[in-house]
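# Descriptive analysis of the structure
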Amino acid sequence: MTLLPWRRKTEAPAPDTSSFGDLALPLLPALYNFAAWLARDRGIAEDLVQEALFKGLRGFSTFQPGTNFKAWMFRILRNTFLTSHSGLNAMRTVALEDEINEHTGAPIPENAIDRRTPELHLLRLSDAEALERAMNKLSPPLLEVLLLADVEEMKYREIALLLGVPLGTVMSRLARARSFLRRELAQVNEWAREAGQ
Amino acid sequence: MSEHLSPLVLNALADGELTPDELRSAKQHLEDCLACSSAALDECLLKSAVTRLGHRHQPSEVFAARMAAMLRSPGTKVRMTHATVPHARGNALSKWAMAAVLLLTMGAGALMAVLSLDHRNAASQREALTAEVTDAHIAMLAADQPQVLSSDRHTVKPWFQGKLPFSFNLPDKLPPDVTLTGANLTYLGRQPVAQLVFTIGKHKASVFLRGTSTTNSSGFGATANGFHVIEFTAHDLEGIAVSDVDPARLAELANLLRAAQTQP
């Protein structure tokens, strides 16, 4: 794998280039969490993280001090996943219609948003198990964008740079991911209502 | 009224990605459009729920320690390999001493890493719990009424029978301007909990009761999004009170709930 220097400037202070461990160790829970969601297996997640850390350690000389170390490590981890057996299997299905034309507007269907009263949604969201099941059904391209935006709290531009996709694709995938979760939770709610009748 | 906000705008609103002009325009629209306000609230709640759930995978202590040892002493590992070959016939005692020092260093590093991770995990769990109870309280405020609507403790408490793996008491008497409004069955950390809804003056308060958790979160107080959060424990129960009322009034209610658990 080629380790490209990470060029996006951040407000973070320049890291101490002499200590990869000091920078990488605090990221361990986040890296593992990301890997576990993508791989859906604890053992594979551990292997992915360990391999990514090795790669990061080896390529640390190419990392530019003062740039975004977290995004750099997440990119290495993601590339490690993509080239792994489980990653290759999982990424075979990629939404081809993801690209959006930013000049003509978003092709996200209006029904991606449910404008009914939110009470039902609030009840659905209290069901963490249903939400987890729905997240596990997301394809990796949608899941990774959702995790980077909502769990790692990265900005759209940061995610676009990390994934190497246009900004519009990030927005499109995020909207599709949330729309999918909403539909899944609505279905769970519908089943619960029918069962209660 | 202008056209509804698009799904992309609602997403960007929840993600804090709108430009100042776009944000101003969106806010103006939301002031007049109930449907979009509802959708925006839904969007924020979904994001919040994903954020909470998204942190669920934690590395095992063994794995964390192994990675910590690897990261803390990568240079050492290389030096060991290189050093042992040319000096294979050297002083055996110094090699053993070096190995012992290296093992101690790695062990100490791993221990520090595990302790540090534990500390971060506990803080992270506390933050997640605060966010979760605050969200549940906001959801209660947004809902028309609780699942069981009653000011009678003899109605509210029995409603939970068969729904919770524990029982609890409600106070015999409440201060003059405090009333029990009702209750919800909700979930915290994927465990069923009782959400008791009270009115304190013109403010609403939620008190969540659950079986004592294994997390180290007892006795904390916090403020999140303008809401005060007070946690208490009583026997086998853990309680969390949430409200935007004066913290002293909330603490008073929390104390009454705690005292009630000692009643037979």
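Bear in mind that the values here come from a model prediction, so they are computed numbers and not experimental data.

This part is about the overall build of chain B. Looking only at helices and strands, chain B features eight helices and seven strands. Within chain B, the proportion of its 264 residues that are buried is 32%. In chain B, the proportion of contacts linking residues at least 24 apart, taken out of those at least 6 apart, comes to 64%.

Here the focus is the overall build of chain A. When its secondary structure is counted, chain A shows ten helices and zero strands. Overall, chain A shows an N-to-C arrangement of helices and strands of α-α-α-α-α-α-α-α-α-α. In chain A, which comprises 197 residues, the share counted as buried stands at 41%. Once local pairs closer than 6 in sequence are excluded, the contacts in chain A between residues at least 24 apart make up 75%.

Take unusual backbone geometry next. Residue and element names in this part refer to chain A. Phi angles above zero are rare outside glycine, and R40 is one such case at about 60°. Here R40 shows up in the loop between α2 (28–39) and α3 (42–58). When the 15 C-beta atoms within 10 Å are taken as the criterion, R40 is described as partly exposed. Even without glycine at this site, E153 takes up a positive phi of about 55°. Its location among the elements puts E153 in the loop between α8 (140–151) and α9 (156–163). Since 11 C-beta atoms lie within 10 Å of it, E153 is described here as exposed.

Each pair of packed helices gets described by two things: the angle between the helix axes and the distance between those axes. Helix α4 (residues 61–72) of chain B packs onto α3(A) with a crossing angle of 10° between their chain directions and a minimal axis gap of 11 Å. The angle between the axes of α3(A) and α4(B) places the two elements in the roughly parallel class. For the pair formed by α3(A) and α4(B), the contact residues are A:E46, A:Q50 and A:L53 on the first element and B:F63, B:M67, B:M70 and B:L71 on the second.

We now examine α3(A). For an α-helix, 3.6 residues make a turn, and residues three or four places apart therefore share a direction. In a regular helix each residue adds 1.5 Å, so 17 residues correspond to 24 Å; α3(A) covers 24 Å between its end C-alpha atoms and thus fits that length. Residues of α3(A) that are buried include every one of A:A45, A:E46, A:L48, A:V49, A:A52, A:L53 and A:G56, and no others. Taken around the axis of α3(A), the buried residues stretch over an arc of 165°, which confines them to a single face. Packing partners of the buried residues in α3(A) comprise α1 (20–24), α2 and α4 (69–82) of chain A together with α4 of chain B.

On to the interface of chain A and chain B, then. At the junction of the two partners, chain A supplies 45 residues and chain B supplies 42 residues. Per-class residue counts for the side of chain A that touches chain B are 29 nonpolar, six polar and ten charged.

Below, the discussion takes up the nonpolar core. Formed by 70 residues in total, the largest nonpolar core has its most connected members in A:L31, A:A35, A:M73, A:L77 and A:L146. Sorting elements by how many residues they give to this core places α2(A) first, with nine residues. Setting aside anything within four residues of it in sequence, one finds A:M73 in contact with A:A24, A:L27, A:L31, A:A52 and A:G56. Counting residues in each nonpolar core, the second largest holds 32 residues, with B:L188, B:A194, B:F198 and B:V242 among its members.

Residue and element names in this part refer to chain A. When pLDDT is averaged along chain A, the result is 77; 69% of the residues meet or exceed 70. Counting contacts from residues 1–17, a segment whose pLDDT is below 50, to residues more than four positions away or on other chains yields 30 contacts. Between residues 95–106, whose pLDDT stays under 50, and residues either more than four places distant or in other chains, the model counts 14 contacts.

Another point: the packing of α8(A) against helix α3 (residues 34–54) of chain B. Here α8(A) crosses α3(B) at 95°, and the two axes come no closer than 9 Å. In terms of their interaxial angle, α8(A) and α3(B) are classed as roughly perpendicular. Two secondary-structure elements touch here, α8(A) through A:L146, A:L147, A:D150 and A:V151 and α3(B) through B:K47, B:V50, B:T51 and B:G54. In terms of residue class, the contact of α8(A) with α3(B) is made up of four nonpolar, two polar and two charged.

Right, let's get into the pairing of strand β6 (residues 227–234) of chain B. Residues and elements named next belong to chain B. Here β6 lies mainly inside the structure; six of its eight residues are buried. The pairing of β6 with strand β7 (residues 237–243) spans seven bridges and is antiparallel. Bridging across to β7, H228 finds its partner in S243.

All names here are of chain B. Structurally, the position occupied by E132 is in helix α6 (residues 92–142). Taking the number of C-beta atoms within 10 Å as the measure of exposure, E132 has 23 and is therefore buried. E132 sits 55 residues away from Y187 along the chain, and the two C-alpha atoms are 9.1 Å apart. When neighbours within four sequence positions are excluded, E132 is seen to be in contact with R52 and L188.

Between its first and last C-alpha atoms α4(B) spans 16 Å; for twelve residues at 1.5 Å apiece the expected length is 16 Å, and the two agree. Of the positions making up α4(B), those classed as buried are B:A64, B:A65, B:M67, B:A68, B:A69, B:M70, B:L71 and B:R72.

Residue and element names in this part refer to chain B. Mean pLDDT for chain B: 77, with 74% of residues reaching 70 or above. The least confident element of chain B is helix α5 (residues 74–84), whose mean pLDDT is 34; the most confident is strand β4 (residues 203–211), at 91. pLDDT under 50 marks residues 214–218. Its contacts with residues more than four places away, or in other chains, come to nine contacts. Listed scores for the predicted complex are pTM 0.55 and ipTM 0.77.

The rules behind each value
- Residues numbered from 1 in each chain as written.
- Chains lettered and ligands numbered in written order.
- Predicted model: local features only at pLDDT ≥ 70, side-chain atom pairs only at ≥ 80, totals over all residues.
- Helix = DSSP H or I, 4+ residues; strand = E, 2+ residues; numbered from the N terminus.
- Buried ≥ 20, exposed ≤ 12 C-beta atoms within 10 Å, placed from the backbone.
- Contact = placed C-beta atoms within 7 Å.
- Axes fitted to C-alpha atoms, helices over the stretch in contact; angles between N-to-C directions.
- Parallel < 35°, antiparallel > 145°, perpendicular 65-115°, else oblique.
- Expected span 1.5 Å × (residues − 1).
- Arc of directions from axis to C-beta.
- Nonpolar A, V, L, I, M, F, W, Y, C, P; charged D, E, K, R; others polar.
- Core = buried A, V, L, I, M, F, W, Y, C linked by C-beta atoms within 7 Å.
- pLDDT = per-residue confidence, 0-100.
- Pairing = 2+ DSSP bridges.

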